[in-house]
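# Understanding the architecture of this molecule
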Amino acid sequence: MATIETKQGQAVDPQGLTKADFQKLDHSEKKGEVVVRESISAWKDAWLRLRSNKYAMASLIILLLIVIMALIGQSISGHDYRSQDYMATNEKPSSNHWFGTDDLGRDVFARTWMGAGISLQVGLYAALVDLVIGVIVGGIMGYFGGKVDEILNRICDILYSIPNMLIVILLIVVLEPSMFTIVLALSITGWISMAWIVRGQIMQLKNQEYVLASRSLGAGSGRILFRHLIPNAIGPIIVTLTMTVPNAIFSEAFLSFLGLGVQSPAASLGTMINDALKAMTVYPWRMLFPAVLISLTMLCFNIFGDGLRDALDPKMKK
Amino acid sequence: MERILEVKDLRVNFKVRGGTVQAVRGVNFHVNKGETVAIVGESGCGKSVTAQSLMRLVPSPPAVTTGSIKFKGEEILTKSLRQMENIRGKEMGMIFQDPMTSLNPTLTIGKQIMEGLVKHQGLSASAAKQRAVEMLKLVGIPNPESRVNQYPHEFSGGMRQRGMIAIALACNPSLLIADEPTTALDVTVQAQIMNVMKDLQVKFGTSIILITHDLGVVADVADRVIVMYAGKVVESGKTRDIFKNPKHPYTRGLLESVPRLDQKKDEPLIPIYGTPPDLIKPPAGCAFAARCKEAMRVCLPNDPALVSVEGEDHRAACWLNHELAHPISSEGGESA
């Protein structure tokens, strides 16, 4: 069959056509049913949007670096975080002690990353507990509504009305101060905001027709809630989560600053700042490094969370 | 013929702040095996509530459903929630009006078809996926092998509705309830969807309840028609009888308000003026009397019964069919 090479938009020379060119096409030859576009899932789409956000990506990279350093920082410093050296107290940053030493001659570099690790762990565990309790309670409130919602909501109201820090401090005073206690104390009230966000989302989503469609296929309540509703609310859930982590880190630092955090010789960024406070004017570097690190972590989590929200829910952006 | 569904004196009431809305007020009908029954009427006359109550999908509370729904000889209204979950999707399937919102955007089409198969037929994931591909092929979606892994947003409106049909028919239910399946689609796609449904009905012997206000679709596919107004059946019969010889002014009004291709240009469309009554306090007599061109004295205080009129299995609830009434003008257009 004679086919004529044509560039788009250029006319074909009618002289060059033959009878064969005017034969009818079979349905399969028309190629109208070929899937042209590559399939893009919602996650991939969100990732592409996130990747184009410079600030969020920079934050993500910094956060990853902080996590890596928290894991390996101690070992590359060549010093143990608790070994004391009374011959070298309050030293300035040097090639031996990169961030200097504290009043007991402990290496600040090793202690900073050790502390960062503890702070991140507190943030992570608190966020996870919030996530699990908040999503389940919020999901149940939103999906079932009515009396169930009423009762659970009042319980949340009551918990929320008690000053947060008071509960936390009381709990830590009663129990032994440790990471477990801090996480427990932070999550007693921390899940409430997550529950309320999930509740609102589920209330909105449960009237969607696909929920009715799923019920018409015989799906039970649990299946509808966890397979149909919560995945559709995952955007706000993740965003709330990225905001919970820095909050927990901040609360932990605050508690440690009050002396209620992890106990020596272990360190968190908050306890280090507290220790350094006493000699702040003389040995400022002892406070500088943990303070900068905690600020940087918070900043990055907030910027990243913001970017993540825009990526997961582009409608929210203006 | 085998009766697959028999509805007797179905009533659905919704308790709301201002009182009780009587959405469905004593509806009787039946569906035979392999037949298509259309329920037609305006918005708000109880079609969708009737359809959803057949699967007990009307939220209760606030709804209170009474009467009897016998499906394959078993009473639906007394079944437990667990038993209903085993009937939904397996014995009865449902298609909804808007394919844009009735698919879950976070799950692939394949996963949504597989959901019912895994639950009701206990298939393994791979067997269910294979069946999902077959279903997509059956409803005429090209490249089902790759389409099965796609999300609803990658489908066009018509394809989504085909996907909905695939989901509803995956477990081969004996009754398919289609709630305005073509309303949200454009005309060329409407015809495709109706053809898919007709093909599958022949293939599987499914009975279909088609809810619509599109009389063109009704004439094309339905064996019998049930006309509903204000929560009641006002006329029922074979499609041919309903179209050729409507015995209720409301049915006639519906037919007249559809534009026809053979209509002359200056011939006006005849709308039904007014709106359906508020069903919190439905009128004592005929609910249509206030909008009826033929309304008589008898209509206001007395509700007409659904009585047999000429034609096989043809029934209408209108006082005009009483022997003392003035003869009803058969050509609606002339009386206007």
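Residues numbered from 1 in each chain as written. Chains lettered and ligands numbered in written order. Predicted model: local features only at pLDDT ≥ 70, side-chain atom pairs only at ≥ 80, totals over all residues. Heavy atoms only, no water.

All names here are of chain A. Contact pair helix α9 (residues 234–257) / helix α11 (residues 285–312): the axes reach a minimum separation of 8 Å and the direction vectors enclose 170 degrees. It follows that α9 is roughly antiparallel to α11 by the angle criterion. Across the interface between the two elements, Gly235, Ile238, Val239, Thr242, Met243, Val245, Pro246, Ile249, Phe250 and Ala253 of α9 pack against Ile294, Thr297, Met298, Phe301, Asn302, Phe304, Gly305, Asp306, Leu308, Arg309 and Leu312 of α11. For the contact of α9 with α11, a count of residues per class yields 14 nonpolar, five polar and two charged. (Axes fitted to C-alpha atoms, helices over the stretch in contact; angles between N-to-C directions. Helix = DSSP H or I, 4+ residues; strand = E, 2+ residues; numbered from the N terminus. Parallel < 35°, antiparallel > 145°, perpendicular 65-115°, else oblique. Contact = heavy atoms within 4.5 Å. Nonpolar A, V, L, I, M, F, W, Y, C, P; charged D, E, K, R; others polar.)

Here the focus is the pattern of salt bridges. One pass over the full model with this rule turns up 21 salt bridges over all chains. In this structure, Arg223 of chain A and Glu115 of chain B form a salt bridge, with 2.8 Å as the shortest nitrogen-oxygen distance. Of this pair, Arg223 of chain A sits in helix α8 (residues 221–232) while Glu115 of chain B sits in helix α3 (residues 109–121), which puts the two residues in different chains. Given a relative accessible area of 35%, Arg223 of chain A falls into the partly exposed group. Here Glu74 of chain B ties to Lys79 of chain B by a salt bridge, and the two come within 2.6 Å at their closest N and O atoms. Since its relative accessible area comes to 13%, Lys79 of chain B is described here as buried. A single salt-bridge network, built from bridges that share partners, covers Glu150, Arg154 and Asp157 of chain A. (Salt bridge = Lys/Arg side-chain N within 4 Å of Asp/Glu carboxyl O. Buried < 20%, exposed > 50% of the residue type's maximum accessible area, 1.4 Å probe, protein only.)

Below, the discussion takes up α3 of chain B. Helix length check: α3 of chain B, at 13 residues, gives a terminal C-alpha distance of 18 Å against a target of 18 Å (1.5 Å per residue), a fit within 8%. Among the residues of α3 of chain B, Ile109, Gly110, Gln112, Ile113, Met114, Glu115, Gly116, Leu117 and His120 of chain B are the ones counted as buried. Packed against the buried residues of α3 of chain B are α7 (209–216) and α8 of chain A together with α2 (81–87), α4 (125–138), α5 (144–147) and α6 (157–169) of chain B. Looking one or two residues beyond α3 of chain B, the residue adopting positive phi is Gly122 of chain B, at roughly 60 degrees. (Expected span 1.5 Å × (residues − 1).)

This part takes up the pairing of strand β9 (residues 224–229) of chain B. All names here are of chain B. Burial of β9 is extensive: six of the six residues sit out of reach of the surface. Neither face of β9 is open: one carries Arg224, Ile226 and Met228, the other Val225, Val227 and Tyr229, and all of them are buried. When strand β3 (residues 36–40) meets β9, the two strands line up parallel, connected through four bridges. Within β9, the position partnered with Val37 by the bridge is Arg224. Across six bridges, the pairing between β9 and strand β10 (residues 232–238) is antiparallel. Looking at β10, one finds that Ile226 is bridged to Ser236. (Pairing = 2+ DSSP bridges.)

Residues and elements named next belong to chain A. By volume, the second largest pocket amounts to about 940 Å³. Tallying contributions element by element places α7 first for the lining of the second largest pocket, with four residues. Class assignment of the residues belonging to the lining of the second largest pocket gives a composition of 14 nonpolar, eight polar and six charged. (1 Å grid on protein atoms, 1.4 Å probe; cavity = no way out; pocket = protein on both sides within 12 Å on 5 of 7 lines; lining within 4 Å. Points joined across faces, edges and corners; volume = space filled by probe spheres on them.)

Let us look at the sheet that holds strand β7 (residues 175–179) of chain B. Spatial ordering of the open sheet is given by β6-β7-β8-β3-β9-β10-β12-β11 (chain B), a layout of eight strands whose pairing is mixed. Two strands close off the open sheet at either side, each with one partner strand: β6 (92–95) and β11 (307–308) of chain B.

Residues and elements named next belong to chain B. An order of β2-β1-β4-β5 is seen for the four strands of this open sheet, with the pairing classed as antiparallel. Both outer strands of the open sheet, β2 (19–32) and β5 (74–75), are each paired with one neighbouring strand and no more. Direction of pairing for strand β4 (residues 63–71) relative to β5: antiparallel, over a ladder of two bridges. Opposite Phe71, over in β5, you have Glu74 as the bridge partner.

To continue, consider the side chain of Ser236 of chain B. With respect to the helices and strands, Ser236 of chain B occurs in strand β10. In this view, Ser236 of chain B contacts Val225, Ile226, Ile242, Asp313, His314 and Arg315 of chain B; residues no more than four positions away in its chain are not counted.

Turning to the environment of Gly285 of chain B, a few remarks are in order. Residues and elements named next belong to chain B. Considering the arrangement of structural elements, one finds Gly285 in the loop between α10 (249–256) and β11. Here the alpha-carbon distance between Gly285 and Asn302, two residues 17 residues apart in the chain, equals 4.1 Å. Setting aside its immediate chain neighbours within four residues, Gly285 contacts Cys299, Leu300, Pro301, Asn302 and Asp303.

The subject of this paragraph is the interface of chain B and chain A. The interface of chain B with chain A comprises 35 residues on the first partner and 24 residues on the second. Counting the surface chain B buries against chain A, the share from its top three residues, Leu57, Phe96 and Glu115 of chain B, is 21%. Taken together, the connections running from chain B to chain A amount to one salt bridge. Taken together, chain B and chain A are joined by ten residue pairs in polar contact (both at pLDDT 80 or more). Within the residue set of the side of chain B that touches chain A, elements represented by two or more residues are β6, α3, α5 and α6 of chain B. (Buried area = accessible area lost by both parts, 1.4 Å probe. Polar contact = N/O pair within 3.5 Å; in protein donor to acceptor, adjacent residues only side chain to side chain.)

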